[in-house]
Amino acid sequence: MKKLLITGFEPFLHFKTNPTMKIVEELNGKEINGYHIHGRILEVDFSKSGKQILDCWNEIQPDAVISLGLAAGRSAITPERIAINCNDGEQDNSGNLPSGEKIIEDGPDGLFSTLPIRSMVNRLKEENYPAAISNSAGAYLCNHVMYQILFMLKQNELKMPAGFIHIPASHELAVQIGKAPSWSQDDLTQAIRICIETLDT
Ligand code: PCA
């Protein structure tokens, strides 16, 4: 059976929970669309998360990689189109405060997702889940891990579906932060299940 590495992130900034963790916990060990799911949680730390996702890849030797991140304020599931070679944003959980440095000194400016992002969005909409392709994953940790995994795959000429999907806040998180569009945790998980079902289509 093929293997899918799916990653989520721990809570960060002022968000006391991260709904990506619950999705990963829920899907870990399941079999979907011919993939056995291996779930892992990454730290929100510029000095650690890149190595963590590459270590997970080495340990599991997956056939596909989907990383998940919270984009509080977005109202739809948004597969990301591209990762950029840049670290920027607010302090991470360890106090690192990047200011536009390159992730890989001589790496390409951008690396495109190899997930079937258009099919994912179409399938989600067919099932009445709001979805759209996003043209920017930002420059924070989500972009960072997306760039790290895509760079490693490109360097090693490994062809497999890999990329990143941002998700809206859960209701639980929206109650905490206020004024954010939110989805039920079950709908978030179901939407990611649909994305997995879209792999290889
Ligand atoms: N979202 C952040 C980092 C962790 C997460 O879940 C981001 O969009 O970069």
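The preceding data block contains the structure.
The notes below deal with the structure included here. Since the model is a prediction, treat every value here as computed from it, not as a measurement.

Some thoughts on the environment of Ile37
In this structure, Ile37 sits in strand 3 (residues 35–42). Using a relative accessible area of 1% as the deciding quantity, one classes Ile37 as buried. Taking the C-alpha atoms as reference points, Ile37 and Met160, 123 residues apart in sequence, are found 15 Å from one another. Leave out the neighbours within four places in its chain, and Ile37 touches Leu4, Ile6, Leu27, Asn28, Gly29, Lys30, Ile32 and Ile196.

As for the nonpolar core
With 33 residues, the main nonpolar core has Phe9, Trp57, Val65, Tyr147, Ile149 and Leu153 as its most contacted residues. Taken together, the elements giving at least two residues each to this core come down to strand 1 (2–9), helix 2 (49–60), strand 4 (64–70), helix 4 (141–155) and strand 10 (162–167). Ranked by residues supplied to this core, first place goes to helix 4 with 10 residues. Counting 30 residues, the second-largest nonpolar core is a separate cluster that includes Tyr35, Leu124, Trp183 and Ile194.

A look at unusual backbone geometry
In this model, Asn33 sits at a positive phi of 55°, which is unusual for a non-glycine residue. Mapping Asn33 onto the fold places it in the loop between strand 2 (31–32) and strand 3. Of note, the phi angle at Asn128 is positive, near 65°, even though the residue is not glycine. Among the structural elements, Asn128 can be located in the loop between helix 3 (117–126) and helix 4.

A closer look at the site of the ligand
Looking at the ligand, the residues that line it are Phe9, Phe12, Asn18, Val44, Gly69, Leu70, Tyr140, Leu141, Cys142 and His166. A distance of 2.8 Å is found between an oxygen atom of the ligand and a backbone nitrogen or oxygen belonging to Leu70. For the ligand, an oxygen atom lies 3.0 Å from a polar atom in the backbone of Cys142. Protein contact buries 94% of the 260 Å² of open area that the ligand shows by itself.

Regarding the packing of helix 1 (residues 19–27) against helix 6 (residues 185–197)
Relative to each other, helix 1 and helix 6 sit at 60°, their axes nearing to 10 Å. For the element pair helix 1 / helix 6, the angle class is oblique. Classified by chirality, the crossing of helix 6 by helix 1 is right-handed. Only Gln185, Leu188, Thr189, Ile192, Arg193 and Ile196 of helix 6 make contact with helix 1, whose side of the interface consists of Pro19, Lys22, Ile23, Glu26 and Leu27. In the contact of helix 1 with helix 6, the residues fall into 6 nonpolar, 2 polar and 3 charged.

Cut-off values and rules
Residues numbered from 1 in each chain as written. Predicted model: local features only at pLDDT ≥ 70, side-chain atom pairs only at ≥ 80, totals over all residues. Heavy atoms only, no water. Helix = DSSP H or I, 4+ residues; strand = E, 2+ residues; numbered from the N terminus. Buried < 20%, exposed > 50% of the residue type's maximum accessible area, 1.4 Å probe, protein only. Contact = heavy atoms within 4.5 Å. Core = buried A, V, L, I, M, F, W, Y, C linked by side-chain atoms within 4.5 Å. Near = heavy atom within 4 Å. Polar contact = N/O pair within 3.5 Å; in protein donor to acceptor, adjacent residues only side chain to side chain. Areas by Shrake-Rupley, 256 points an atom, 1.4 Å probe, with all protein chains shown as cover. Axes fitted to C-alpha atoms, helices over the stretch in contact; angles between N-to-C directions. Parallel < 35°, antiparallel > 145°, perpendicular 65-115°, else oblique. Left-handed = near helix turned anticlockwise from the far one by under 90°. Nonpolar A, V, L, I, M, F, W, Y, C, P; charged D, E, K, R; others polar.

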